[in-house]
Amino acid sequence: TLPPTRELFAMGYDSPRDRILVFGGRTTGAETIDGTTWEYTPGSVRWQALTVTNPPPARYAPGSAYFLDTGKFVIHGGTDAVGLRGDTWSYDGTTKTWVNSVVSGPVLDSPALAYDSVKKVLVLVGDNAGVSETWEWTGTGAWVKRSGATKNLSRRSYPILASDPIRKRLVA
């Protein structure tokens, strides 16, 4: 079974379990906000809708990344039926459980999230009232704003942030 056609969903690769995870998004055509979790197993070429414990509220366009140090797929923010969100959720693929890790974090439009293997943190980049901001999270506690980190980063709609392990830097 394939997931319903959607856009602006969260996606990440759980490398220890060799699974691709998808959460949420907005269904194409119907403009319905989705809150389901799907898993793709490359070896069996199979998608599966998961029954999960404590799923996050439905949303589209959250930042997402796999946090290697915690072994969790993480989403932050996004947009629900009311507006922009600032919460952070961590998913454990072994127990199929979501945990609300940060109830109230930065509220950013079009956030992007990536794992920084050098600093061992998640880096969040997004727009706050027309100004780009950068935040870091260690996997516990609150997000920490990094001043000046986005001075050369122009405002972007639905940006992508990725780790370049060879050059040991993040690329937007």
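Quantities reported herein were computed from a predicted structural model and do not represent experimental measurements.

Draft legend 1. Up close: the overall build of the chain. Tallying secondary structure elements over the chain gives zero helices and 15 strands in all. Radius of gyration (C-alpha) of the chain: 15 Å, near the 16 Å computed for a compact globule of 172 residues. Seen through its principal axes, the chain has C-alpha atoms that stretch 45 × 35 × 25 Å. Burial status across the chain gives 45% buried among its 172 residues. A fraction of 41% describes how many contacts in the chain between residues 6 or more apart in sequence connect residues 24 or more apart. Entry remark: accessible area of the chain is about 8,800 Å², with carbon and sulfur atoms responsible for 54%. Computed over 19 positive and 16 negative side-chain charges, the inter-centroid distance for the chain is 5 Å.

Draft legend 2. Up close: empty space enclosed by the protein. This structure, assessed with the given rule, holds two cavities of 30 Å³ or more. One number sums up the size of the second largest cavity: a volume of about 30 Å³. Looking at the lining of the second largest cavity residue by residue, the class counts come to three nonpolar, two polar and four charged.

Draft legend 3. Here's a closer look at the sheet that holds strand 13 (residues 144-145). Strand order in the open sheet formed by four strands is 10-11-12-13, and the pairing between neighbours is antiparallel. Only two strands of the sheet have a single neighbouring strand rather than two, namely strand 10 (109-116) and strand 13. Sheet analysis places strand 10 next to strand 11 (residues 121-128), joined by six bridges and oriented antiparallel. From the neighbouring strand, A114 faces strand 11, where its bridge partner is V123.

Draft legend 4. Structural context of the side chain of E39. Its place among the elements puts E39 in strand 4 (residues 33-41). At 2.6 Å, the side chain of E39 and the side chain of R17 are in polar contact. With sequence-adjacent residues up to four places away left out, E39 is seen in contact with R17, R19, I20, L21, R46, W47, Q48 and L50.

Draft legend 5. Here's a closer look at the layout of surface pockets. Empty space within the largest pocket amounts to approximately 520 Å³. Together, 23 residues line the largest pocket, and M11, S64, L113, I160 and L161 are the ones closest to its centre. Mapped by element, the contributors of at least two residues to the lining of the largest pocket are strand 2 (10-14), strand 6 (63-67), strand 10 and strand 14 (162-164). At six residues, strand 10 tops the list of elements feeding residues into the lining of the largest pocket. Per-class residue counts for the lining of the largest pocket are 19 nonpolar, four polar and no charged.

Draft legend 6. Just the sheet that holds strand 9 (residues 97-102), in detail. Across the sheet, which stays open at both edges, the four strands sit in the order 6-7-8-9 with antiparallel pairing between neighbours. Only two strands of the sheet have a single neighbouring strand rather than two, namely strand 6 and strand 9. Averaged over all adjacent pairs, the angle separating strand axes in this sheet is 25 degrees, with direction ignored. The pairing of strand 8 (residues 88-92) with strand 9 spans five bridges and is classified as antiparallel. Looking at the pairing, W89 lines up with N100 of strand 9.

Draft legend 7. Representation of the nonpolar core. By size, the foremost hydrophobic cluster in this structure holds twelve residues: A65, F67, V74, V102, L108, L113, Y115, L122, L124, W135, W137 and W143. For this core, the elements supplying multiple residues, two or more each, are strand 6, strand 10, strand 11 and strand 12 (131-137). Excluding residues within four positions of it along the chain, Y115 makes contact with A65, Y66, F67, L68, D69, K120, V121, L122, S163 and L170. A10, V52, F73 and W98 belong to the second-largest nonpolar core, a separate cluster that totals eleven residues.

Draft legend 8. How the structure looks around unusual backbone geometry. The phi angle at L8 is positive, at roughly 55 degrees, despite the residue not being glycine. On the secondary structure map, L8 appears in the loop between strand 1 (6-7) and strand 2. We note that K96 has phi near 55 degrees; this positive angle belongs to a residue other than glycine. Locating K96 in the fold gives a position in the loop between strand 8 and strand 9.

Thresholds applied
- Residues numbered from 1 in each chain as written.
- Predicted model: local features only at pLDDT ≥ 70, side-chain atom pairs only at ≥ 80, totals over all residues.
- Heavy atoms only, no water.
- Helix = DSSP H or I, 4+ residues; strand = E, 2+ residues; numbered from the N terminus.
- Rg over C-alpha atoms; globule rule 2.2 N^0.38 Å.
- Buried < 20%, exposed > 50% of the residue type's maximum accessible area, 1.4 Å probe, protein only.
- Contact = heavy atoms within 4.5 Å.
- Areas by Shrake-Rupley, 256 points an atom, 1.4 Å probe, with all protein chains shown as cover.
- Lys, Arg positive; Asp, Glu negative; His and termini not counted.
- Charge placed at Lys NZ, Arg CZ, Asp CG, Glu CD.
- 1 Å grid on protein atoms, 1.4 Å probe; cavity = no way out; pocket = protein on both sides within 12 Å on 5 of 7 lines; lining within 4 Å.
- Points joined across faces, edges and corners; volume = space filled by probe spheres on them.
- Nonpolar A, V, L, I, M, F, W, Y, C, P; charged D, E, K, R; others polar.
- Pairing = 2+ DSSP bridges.
- Polar contact = N/O pair within 3.5 Å; in protein donor to acceptor, adjacent residues only side chain to side chain.
- Axes fitted to C-alpha atoms, helices over the stretch in contact; angles between N-to-C directions.
- Core = buried A, V, L, I, M, F, W, Y, C linked by side-chain atoms within 4.5 Å.

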